[in-house]
Amino acid sequence: MQPYSPDKPSAPRREGVKFEDVRLYLVERKMGRSRRSFLTELARSKGFIVEDVLSDVVTHVVSEDSQASSLWAWLKGGSVKNLPVMHVLDISWFTDSMREGKPVAVETRHLIQVCICFLNYSFTCTSGFSLQDAFEVLAESHEFNDMEGPCLAFRRAASVLKSLPWTVQNLRVTEDLPCLGEHSMCVIEEILQHGRSFEVEKILSDERYQILKLFTSVFGVGPKTAEKWYRRGLRSFSDVLAEPSIHLNRMQQSGFLHYGDISRAVSKAEAQALGNIIDEAVHAITPDAILTLTGGFRRGKDFGHDVDFIVTTPQLGKEERLLTSVIDRLKHQGILLYCEYQASTFDESKLPSHRFEAMDHFAKCFLILRLEDSQVDGGLQTAEEDRRGWRAVRVDLVSPPVDRYAFTLLGWSGSRQFERDLRRFARMERRMLLDNHALYDKTKKEFLAATTEKDIFAHLGLEYIEPWQRNA
DNA sequence: TGCTGGCAAACA
DNA sequence: TGTTTG
DNA sequence: ACAGCA
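Residues numbered from 1 in each chain as written. Chains lettered and ligands numbered in written order. Predicted model: local features only at pLDDT ≥ 70, side-chain atom pairs only at ≥ 80, totals over all residues. Heavy atoms only, no water.

An unreviewed UniProt entry lists chain A under the name DNA-directed DNA/RNA polymerase mu, with Oreochromis niloticus given as the organism. Looking at chain A in UniProt, the text filed under Function (unreviewed entry) is "Gap-filling polymerase involved in repair of DNA double-strand breaks by non-homologous end joining (NHEJ)." Heading Cofactor (unreviewed entry) of the UniProt record for chain A holds this comment: "Mg(2+)". (UniProt positions renumbered as here; feature names shortened; annotations may be inferred.)

## What to know about the packing of aromatic side chains
A full pass over the atoms with the stated rule returns 12 aromatic pairs. Between Phe 144 and Tyr 209, the ring centres sit 5.7 Å apart and the planes meet at 55 degrees, which makes this aromatic pair tilted. Here Tyr 209 lies in helix 9 (residues 207–216) and Phe 144 lies in helix 5 (residues 132–144), a separation of 65 residues in the sequence. The exposure class assigned to Tyr 209 is buried, which follows from its relative accessible area of 3%. (Phe/Tyr/Trp six-rings, centres within 6.5 Å; stacked < 30°, edge-to-face > 60°. Helix = DSSP H or I, 4+ residues; strand = E, 2+ residues; numbered from the N terminus. Buried < 20%, exposed > 50% of the residue type's maximum accessible area, 1.4 Å probe, protein only.)

## Some thoughts on helix 12 (residues 250–257)
Helical periodicity: at 3.6 residues per turn, an α-helix aligns residues three or four positions apart in one direction. Within helix 12, the full set of buried residues consists of Gln 252, Ser 254, Gly 255 and Phe 256. Buried residues belonging to helix 12 abut helix 10 (223–231), helix 11 (237–242), helix 13 (259–263), strand 9 (336–342) and strand 10 (363–372). (Contact = heavy atoms within 4.5 Å.)

## Details of the sheet that holds strand 1 (residues 23–26)
If you trace the 4 strands from one edge of the open sheet to the other, you get 2-1-3-4, paired in parallel fashion. Of all the strands in the sheet, just strand 2 (49–51) and strand 4 (87–90) have a single pairing partner and so form its edges. Within the sheet, the average angular offset between the axes of one strand and its neighbour, ignoring direction, is 35 degrees. Pairing of strand 1 with strand 3 (residues 60–63) involves 3 bridges; the strand directions are parallel. Within strand 3, the residue paired with Leu 24 across the bridge is His 60. Against the sheet, helix 1 (residues 33–45) contacts strand 1 and strand 2, and its axis sits at roughly 165 degrees relative to strand 1. With respect to the sheet, helix 3 (residues 91–100) is in contact with strand 1, strand 3 and strand 4, its orientation differing from that of strand 4 by roughly 85 degrees. (Pairing = 2+ DSSP bridges. Axes fitted to C-alpha atoms, helices over the stretch in contact; angles between N-to-C directions.)

## Regarding the sheet that holds strand 10
Strand order in the open sheet formed by 5 strands is 6-8-11-10-9, with mixed pairing between adjacent strands. Strands at the two margins of the open sheet, each flanked by one partner only, are strand 6 (290–293) and strand 9. Each strand of the sheet is rotated relative to its neighbour by a mean of 20 degrees, with strand direction disregarded. Summarising the sheet, strand 10 and strand 11 (residues 390–399) pair through 10 bridges and their orientation is antiparallel. By the bridge assignment for strand 11, Glu 372 is matched with Trp 390.

## Describing the state of the cysteines
Throughout the structure, instances matching the rule amount to 0 disulfides. Here Cys 179 is not disulfide-linked; the sulfur of Cys 151 is the nearest cysteine sulfur, at 13 Å. The class of Cys 179 is partly exposed, set by a relative accessible area of 40%. (Disulfide = S-S within 2.5 Å.)

## Observations regarding helix 5
The terminal C-alpha atoms of helix 5, which comprises 13 residues, lie 18 Å apart, in line with the 18 Å expected from a rise of 1.5 Å per residue. The buried fraction of helix 5 amounts to 10 of the 13 residues, a majority that puts the element mostly inside the structure. Remark: Asp 146 follows helix 5 within two positions and exhibits a positive phi of approximately 65 degrees. (Expected span 1.5 Å × (residues − 1).)

## As for the pattern of salt bridges
Taken as a whole, this structure holds 30 salt bridges when the rule is applied. Between Arg 36 and Glu 28 there is a salt bridge, and its shortest N-O distance comes to 3.5 Å. Of the residues examined, Arg 36 reaches a relative accessible area of 15% and is grouped as buried. Overall, the relative accessible area of 31% leaves Glu 28 in the partly exposed class. (Salt bridge = Lys/Arg side-chain N within 4 Å of Asp/Glu carboxyl O.)

## Section: the side chain of Ser 184
Structurally, Ser 184 is set in helix 7 (residues 182–194). With residues near it in sequence (within four places) discarded, Ser 184 still touches Phe 135, Phe 154, Ala 157 and Cys 179.

## Section: the UniProt feature "binding site: Mg(2+)" (unreviewed entry) in chain A
Here, UniProt's "binding site: Mg(2+)" (unreviewed entry) annotation points to Asp 306, Asp 308 and Asp 396. For this annotated set, covering 91 residues, all C-alpha atoms fall within 7.5 Å of each other, a compact arrangement in space. Within the secondary structure layout, Asp 306 lies in the loop between strand 7 (303–304) and strand 8 (307–312). Since its relative accessible area comes to 13%, Asp 306 is described here as buried. Look past the residues within four positions of Asp 306 in its chain and what remains in contact with it is Val 266, Phe 297, Arg 394 and Asp 396. Turning to its location among the elements, Asp 396 is positioned in strand 11. Excluding residues within four positions of it along the chain, Asp 396 makes contact with Asp 306, Val 307, Asp 308, Phe 309, Cys 365, Phe 366, Leu 367 and Trp 412.

## A short note on the domain arrangement of chain A
Each domain of chain A was delimited in the assignment, giving domain 1 (266–403) and domain 2 (411–469). Taken together, both faces of the contact between domain 1 and domain 2 bury some 1,900 Å²; the carbon and sulfur share is 57%. Where domain 1 packs against domain 2, one counts 1 salt bridge. With its nearest N and O atoms 2.7 Å apart, the salt bridge here joins Glu 453 to Arg 298. (Domains from an automatic or database assignment. Buried area = accessible area lost by both parts, 1.4 Å probe.)

What follows is the structure, given as structure tokens:
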């Protein structure tokens, strides 16, 4: 079904289409009606498809309004589900493409980069309530203003709301929840009544917030660095990159270099392709090595923001060497774009800590790998005009000793909420301490060994739960 | 009323 | 040392 | 300036 009516005078023409997979939508706001028609005709005459209506078939949104909060606010209006996979571009991409006579590759300078959270917030307030996004915005805004107390409080409020199994419909159910005080309750009430919060919208339309949000979206740039740049008058990525006195560290360099790729979702097919690459590498080094895909993909999710693997070997004590060898091998293959290696700080006499989740002390590394299109079953999920033939992907490898493999697997498979619930159950109901390293029985004062996840569930007196059942 | 607010390791 | 990441 | 606690 097409999103336009074919009898409208401005219906896209089908003859002379040269680029079937690129569908433009031009935002009239700030552009004006006549200029929009002119640009539409120009593009169509060069073989582009231009849609009259914003819908799910659109792949490239082009706007002249690059101070972007109003743009995103407007984009939310249409019930478009796949905004995250659309390119939202400024007019420079359009003019470049017209000059070339074909869709040019999307580069960082083309993107209209506004915070993802604005997008989430806008969605939730128009279709169903998920209050957590509003609180995430409040937390972030306080973080940018160096108010760590309120920031923490709003973050906790957001995570409490997220953990609720139901969607909040009225104030009563939230009355006796933890971490929701006077201020938070006011925000909730406002959103429940009017579908929006004045305070949150003020933050979202604040220029400083938008710019800091933009800067911190770069891998390696936190609030302090973002604010330093803002205070120096820098307002865009090109401002930062053009400033000679700024020297980016290694992390920030790859953050900018692979900005588009790293912020794009990773598909299941891409995760499996990465699995093949790592699999080949570990088995070339150690034939009986063990490799497991974890994280969201192990729970059956279709997309993720990175790909996590556990790598180990049956020979106890050799696992750390295996990991460094894998890194060396990837480097020699020329696909290692970034690597941060952390040696093991594992102490097996230590009791599992229930204070903090998902923090382990095994040898691990955070990588950015180059993934070739030809290695992916069905191809990379890139836009048609992206002719590089590869993309960058964030990959994490963790390498526990084999006798801790099951605990690490359970810990890295998530979800976060499932891990929290499981650890709380172990502690409260079984008087046991569980983390990524071990399971400890406080009553018997002994560690409980496990070679599989099933062993751990059995120790806890629970029926085995499949990974794809662990999303709640 | 006044204090606290998960951690460790790598980089520059 | 301060900043950032997971 | 937020929430929970001593």
